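# Descriptive analysis of the structure
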Amino acid sequence: MNIAIVGTGYVGLVSGACFADTGASVTCVDVDTEKIERIKRGEIPIYEPGLDELVLKNVKAGRLRFTTSLESVLNDQQIVFSAVGTPPDEDGSADLKYVLQVAKTIGQHLNKYMVVVTKSTVPVGTAKLVRQTIQTELDKRQTDIKFDVASNPEFLKEGNAIKDFMSPDRVVVGVESEMAKEMLTRLYKPFLINNFRVIFMDIPSAEMTKYAANSMLATRISFMNDIANLCERVGADVNMVRAGIGSDTRIGRKFLYAGCGYGGSCFPKDVKALIKTADGMGYSMEVLKAVERVNDAQKHVVFNKLAIAFAKEGLENKTVALWGLSFKPETDDMRESTALVTIDLLKQAGCKIKVYDPVAMTECKRRIGDTVIYARDLYDAVNDADALLLLTEWNEFRLPNWEIVSKVMNKKLLIDGRNIFEKKELESYGFEYHSIGR
Ligand SMILES: NC(=O)c1ccc[n+]([C@@H]2O[C@H](COP(=O)([O-])OP(=O)(O)OC[C@H]3O[C@@H](n4cnc5c(N)ncnc54)[C@H](O)[C@@H]3O)[C@@H](O)[C@H]2O)c1
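Procedures and definitions
- Residues numbered from 1 in each chain as written.
- Predicted model: local features only at pLDDT ≥ 70, side-chain atom pairs only at ≥ 80, totals over all residues.
- Heavy atoms only, no water.
- Axes fitted to C-alpha atoms, helices over the stretch in contact; angles between N-to-C directions.
- Helix = DSSP H or I, 4+ residues; strand = E, 2+ residues; numbered from the N terminus.
- Parallel < 35°, antiparallel > 145°, perpendicular 65-115°, else oblique.
- Left-handed = near helix turned anticlockwise from the far one by under 90°.
- Contact = heavy atoms within 4.5 Å.
- Domains from an automatic or database assignment.
- Buried area = accessible area lost by both parts, 1.4 Å probe.
- Salt bridge = Lys/Arg side-chain N within 4 Å of Asp/Glu carboxyl O.
- Polar contact = N/O pair within 3.5 Å; in protein donor to acceptor, adjacent residues only side chain to side chain.
- Buried < 20%, exposed > 50% of the residue type's maximum accessible area, 1.4 Å probe, protein only.

### Let's talk about the packing of helix 1 (residues 10-21) against helix 3 (residues 51-60)
- Where helix 1 meets helix 3, the closest approach of the two axes is 9 Å, and the angle between their N-to-C directions is 50 degrees. Classified by the angle between their axes, helix 1 and helix 3 sit oblique to one another. The handedness of the crossing between helix 1 and helix 3 comes out as left-handed. Taken together, the residues of helix 3 that come into contact with helix 1 (itself represented by Leu13, Val14, Ala17, Cys18, Ala20 and Asp21) are Leu51, Leu54, Val55, Lys57 and Asn58.

If you want it as structure tokens, here you go:
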């Protein structure tokens, strides 16, 4: 089966490599010439465990190739996926300009039946716009070519993307024709054979499912952060509460961790976009508005605890070490990360900032340049520091040598934004230890 994936970012590259690995013949397309040249040289532009090998293996096998020209490969395909970015517009709604650009190019060059599938996260109604855009271009050319649109939102998680794609909890596919359903069933057959569920539905429901899923997950996080903040005030421990409620099968154990706020390229933008869609329909998503407010406030919680600890002396000229910059472990993605908010607050307070992250240092430099000090490793970061803030729960931070850390720090103060350390243990090394909701 021949397929093209337009947009070679996190989703496009992972999907392309995984489809190729099941035997499909895949062409990945991107307008970013430099990115495509790099990938052709074997350099993978993003950090995602296992992706380099998977891409190289399938390129070598001749099943995966890259191009910047959609028009030159379009009519060799049976299915074309659009996995371009849908960043938030100024007002928070999803900006569909890249999605519609792709649709326009398809309409300008299509000369045979094809299924056009949107994989990007897009608001309900986008498939209709894609269809209209393609049809308008076909009409301009006075050509009568049949095509179908479909929606196949992606649920992979950065850091675990290949596994998520290869063994998904479910694949959601919105279709409006039997032909499209048949072709997508064929494409997803390897997944069906392995007993992963492919759920077919109508297109608006598929488009909505992605937003509802991310909004539900964001809601769980903000809910637990709200509970954690209250736990602190009433003397309860949110970890115990989590164990207590998570054992209820109606609630489940996952996504119940309190912390210093969610970030990343999806939750913040998708929650915003869904609120915006509802506003546009004259309906107000009250729960999600609160989810967003709680999260914005939670990104300040670590800094606020630090400010309280330094209430007497003030924070000016204090050296603060940050462990973790990416919005979560196993990725170098810093979009909407709590680290960026914290760094801003520390700068405003006049602190000297030393940072360390296992993979996001280059990304941090690209974003904020040399406004902070980049440490060689986690111990270098805490050298002479007056406080340590843990913002991302990378594995390598979980069991540090506290003897070294406590020796090299100027003041033994640790604020654990992800609840990965134990108060008793830290106190035994003389630390003042604060965490979230404990
Ligand atoms: N990153 C995730 O974890 C994730 C997970 C699920 C869904 N999504 C959704 O998938 C979509 C893509 O996300 P991403 O993180 O892969 O984005 P990304 O920014 O990493 O990649 C998007 C790519 O599209 C390319 N592009 C833009 N316009 C183009 C055009 N006209 N033709 C060809 N290429 C074009 C860009 O150059 C870029 O390389 C978004 O809608 C996102 O919400 C992302």
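### Concerning the domain arrangement of the protein
- The domain architecture assigned to the protein consists of domain 1 (2-200), domain 2 (211-298) and domain 3 (301-434).
- Each of domain 1 and domain 2 has a C-alpha centre, and these two points are 30 Å apart.
- On the side of domain 2, nine residues touch domain 1, which itself brings 13 residues to the contact.
- In total, domain 1 and domain 2 occlude about 800 Å² of area from one another, counting both sides; carbon and sulfur atoms represent 63% of this.
- Seen at the junction of domain 1 and domain 2, the total is zero salt bridges.
- Taken together, the links from domain 1 to domain 2 amount to three residue pairs in polar contact (both at pLDDT 80 or more).

### Here's the deal with unusual backbone geometry
- Phi angles above zero are rare outside glycine, and Gln142 is one such case at about 55 degrees.
- Relative to the assigned elements, Gln142 resides in the loop between helix 6 (126-140) and strand 6 (147-151).
- Judged by its relative accessible area of 75%, Gln142 falls in the exposed class.
- A positive phi is found at Asn317, a non-glycine position, where the angle reads about 65 degrees.
- Along the chain, the position of Asn317 falls in the loop between helix 14 (301-309) and strand 9 (319-323).

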